[in-house]
Amino acid sequence: MTLKHRILAEDRRGLLKAMLGEGRKLRAIEAHNPLSGLIGNEAAIDGPDGARKEFDALWLSGFTCASSRALPDVELARQERKLETIEEIAAATDKPLIADADTGGDKLAFRYLCTRLEALGVSLIIVEDKVFPKRTSLAAGVQHDLEDPAAFAAKIGTGKEAMLSGDVLIFARIESLIAGAGLDDALMRARIYLDSPADGIVIHSKDKTGEEIFAFIDAFNALRHETGIDKPLLCIPTAYNFVHDTELFERGVSVVIHANHLLRAAFLAMEQACETILRADRSREADDICVDLPRLFDLIGTGGK
Ligand code: SPV
Ligand code: MG
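Values in this document were obtained by computation on a predicted structure and should not be read as measured data.

Draft legend 1. Spotlight on the packing of helix H9 (residues 182-194) against helix H10 (residues 211-227). As a packed pair, H9 and H10 sit with axes 10 Å apart at the nearest point and diverge in direction by 35°. Our pair here, H9 against H10, has a crossing hand that is right-handed. Contact residues: H9 offers Leu183, Ala186, Leu187, Ala190, Arg191 and Leu194, while H10 offers Ala215, Phe216, Ala219, Phe220, Leu223, Glu226 and Thr227. In terms of residue class, the contact of H9 with H10 is built from ten nonpolar, one polar and two charged.

As structure tokens, then:
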């Protein structure tokens, strides 16, 4: 384990709440194991204005954690196993963590999950309003069953009550657009979740034109105005990825999650390395597409001293 990024759970948990409290707009990148977490944690560029640009948080994706085990994203991995992965990622990184709770199971299971995530230093838990065991959101031709919104809001309340620190946020993820239930259903749920213990709202859409998400964001902004309740909105623009994060921020989104890109990038790179070695009948030609060992040692630490 690298000792580069050490942070106590109690110092980490409240980071995201504080950032959102300052009105910051946040970008998160997916992690599915400690190495991907470390790469996302370290990634930085010089932005156009000369300022350093990096991700603000890590998304502990259910989909990529399942995919990295060659499992479908249908809540198959045992909760304890998922927690082990999160614990390992937490130990290798120091950015705020956003945990994908999937449906969270029933009230009791969700309560336990929240307390365990809190102990690991997670800042934000996202739970989706589908019936356990959920089906992955972006696959074509999948049937999604939505949870009763009042029962779902109550489940979030029990999660909030079970945690001790007051630092951890829970966002309610609306899956109406994914399930084909339409904008009205999504807004009906948004109204209920705004007036619930949820700290924020997540809206997911697989419409590649972006029209569906823009319609929701506009209507959500109107709902914020009408109710006087302003909770942060988070979105996951995998399908409508032609839209820049900055545009989403300007439209009223507070957090953008790039949900699966490190796993998908690794997939293609690994495939390319395999094919290159087979073609060349040796590995030298693959050097150009492989990180060199000193850099890897440097990132992780060699454990030599
Ligand atoms: C995940 O990354 O696990 C998500 C986002 O929940 S999605 O796969 O698009 O549903
Ligand atoms: Mg997920």
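Draft legend 2. Looking closely at the site of ligand 1. Around ligand 1 sit Trp59, Ser61, Gly62, Phe63, Asp100, Ser137, Leu138, Arg173, His204 and Ala259, and that is every residue in its neighbourhood. Within the side chain of Ser61, an N or O atom sits 2.7 Å from an oxygen atom of ligand 1. Separating an oxygen atom of ligand 1 from a side-chain N or O atom of His204 is a distance of 2.7 Å. Considering ligand 1 on its own, with 280 Å² of exposed area, one finds that the protein chains cover 99% of that surface. For the shell around ligand 1, the class distribution of residues is four nonpolar, four polar and two charged.

Draft legend 3. Layout of empty space enclosed by the protein. This structure, assessed with the given rule, holds one cavity of 30 Å³ or more. A volume near 30 Å³ is recorded for the largest cavity. Lining the largest cavity, in full, are Leu60, Ser61, Gly62, Cys65, Lys82, Thr85, Ile86 and Asp100. Looking at which element gives the most residues to the lining of the largest cavity, the answer is helix H5 (residues 79-92), with three residues. For the lining of the largest cavity, the class distribution of residues is three nonpolar, three polar and two charged.

Draft legend 4. Quick peek at the pairing of strand E10 (residues 255-258). Neither face of E10 is exposed, since Val255 and Ile257 on one face and Val256 and His258 on the opposite face are all buried. Pairing of strand E1 (residues 26-31) with E10, which is carried by four bridges, proceeds in the parallel orientation. Looking at the pairing, Ile29 lines up with His258 of E10. In the sheet, strand E9 (residues 233-235) pairs with E10 via two bridges, with the strands oriented parallel. Across the sheet, the residue bridging to Cys235 is Val256, located in E10.

Draft legend 5. Structural detail: helix H3 (residues 34-42). For H3, the complete set of buried residues consists of Ser36, Gly37, Leu38, Gly40 and Asn41. On the buried face of H3, the contacting elements are E1, strand E4 (57-60), H5, helix H12 (261-280) and helix H13 (293-300).

Draft legend 6. Expanded view of the packing of aromatic side chains. According to the stated counting rule, one finds two aromatic pairs in the structure shown. Taken together, a centroid distance of 5.7 Å and an interplanar angle of 15° make the contact between Phe216 and Phe220 stacked. Residue Phe216 and its partner Phe220 are located together in helix H10, separated by four residues, close to a single helical turn. Of the two residues, Phe216 and Phe220, both sit in the buried class. In this structure, Lys155 is placed above the aromatic ring of Phe110, and the distance from its NZ or CZ to the ring centre is 5.9 Å. For Arg251, the ring lying beneath its charged end belongs to Phe214, and the centroid distance is 3.5 Å.

Draft legend 7. Structural detail: the pattern of salt bridges. The full count for this structure, using the stated rule, is 22 salt bridges. Close ionic contact of Arg173 with Glu128 constitutes a salt bridge, the shortest N to O distance being 3.8 Å. Of this pair, Arg173 sits in strand E7 (residues 169-174) while Glu128 is found in strand E6 (residues 124-128), placing the two residues 45 residues apart along the sequence. Its salt-bridge partner being Glu175, residue Lys130 comes within 2.6 Å of it at the nearest N-O pair.

Draft legend 8. A look at a nonpolar patch on the surface. There is a patch of nonpolar side chains on the surface, built from Leu35, Ile39 and Ile300 and spanning about 220 Å² of accessible area. Mapped onto the fold, Ile39 is located in helix H3.

Draft legend 9. Local environment of the sheet that holds E10. Spatial ordering of the closed barrel is given by E1-E4-E5-E6-E7-E8-E9-E10, a layout of eight strands whose pairing is parallel. Neighbour-to-neighbour, the strand axes of this sheet turn through a mean angle of 25°, independent of strand direction. With three bridges joining them, strand E5 (residues 97-100) and E6 adopt parallel strand pairing. Each bridged residue has a counterpart across the sheet, and for Asp100 the counterpart in E6 is Ile126. Across the sheet, H5 is in contact with E1, E4 and E5; its angle to E5 comes to roughly 165°. In the packing of H10 onto the sheet, the strands contacted are E7, strand E8 (200-203) and E9, and the crossing angle to E9 comes to about 170°.

Rules used in this analysis
- Residues numbered from 1 in each chain as written.
- Chains lettered and ligands numbered in written order.
- Predicted model: local features only at pLDDT ≥ 70, side-chain atom pairs only at ≥ 80, totals over all residues.
- Heavy atoms only, no water.
- Axes fitted to C-alpha atoms, helices over the stretch in contact; angles between N-to-C directions.
- Helix = DSSP H or I, 4+ residues; strand = E, 2+ residues; numbered from the N terminus.
- Left-handed = near helix turned anticlockwise from the far one by under 90°.
- Contact = heavy atoms within 4.5 Å.
- Nonpolar A, V, L, I, M, F, W, Y, C, P; charged D, E, K, R; others polar.
- Near = heavy atom within 4 Å.
- Polar contact = N/O pair within 3.5 Å; in protein donor to acceptor, adjacent residues only side chain to side chain.
- Areas by Shrake-Rupley, 256 points an atom, 1.4 Å probe, with all protein chains shown as cover.
- 1 Å grid on protein atoms, 1.4 Å probe; cavity = no way out; pocket = protein on both sides within 12 Å on 5 of 7 lines; lining within 4 Å.
- Points joined across faces, edges and corners; volume = space filled by probe spheres on them.
- Buried < 20%, exposed > 50% of the residue type's maximum accessible area, 1.4 Å probe, protein only.
- Pairing = 2+ DSSP bridges.
- Phe/Tyr/Trp six-rings, centres within 6.5 Å; stacked < 30°, edge-to-face > 60°.
- Lys NZ or Arg CZ within 6 Å of the ring centre and 35° of its normal.
- Salt bridge = Lys/Arg side-chain N within 4 Å of Asp/Glu carboxyl O.
- Patch = residues over 30% accessible without salt bridge, like charges linked within 9 Å, V, L, I, M, F, W, Y side chains within 5 Å.

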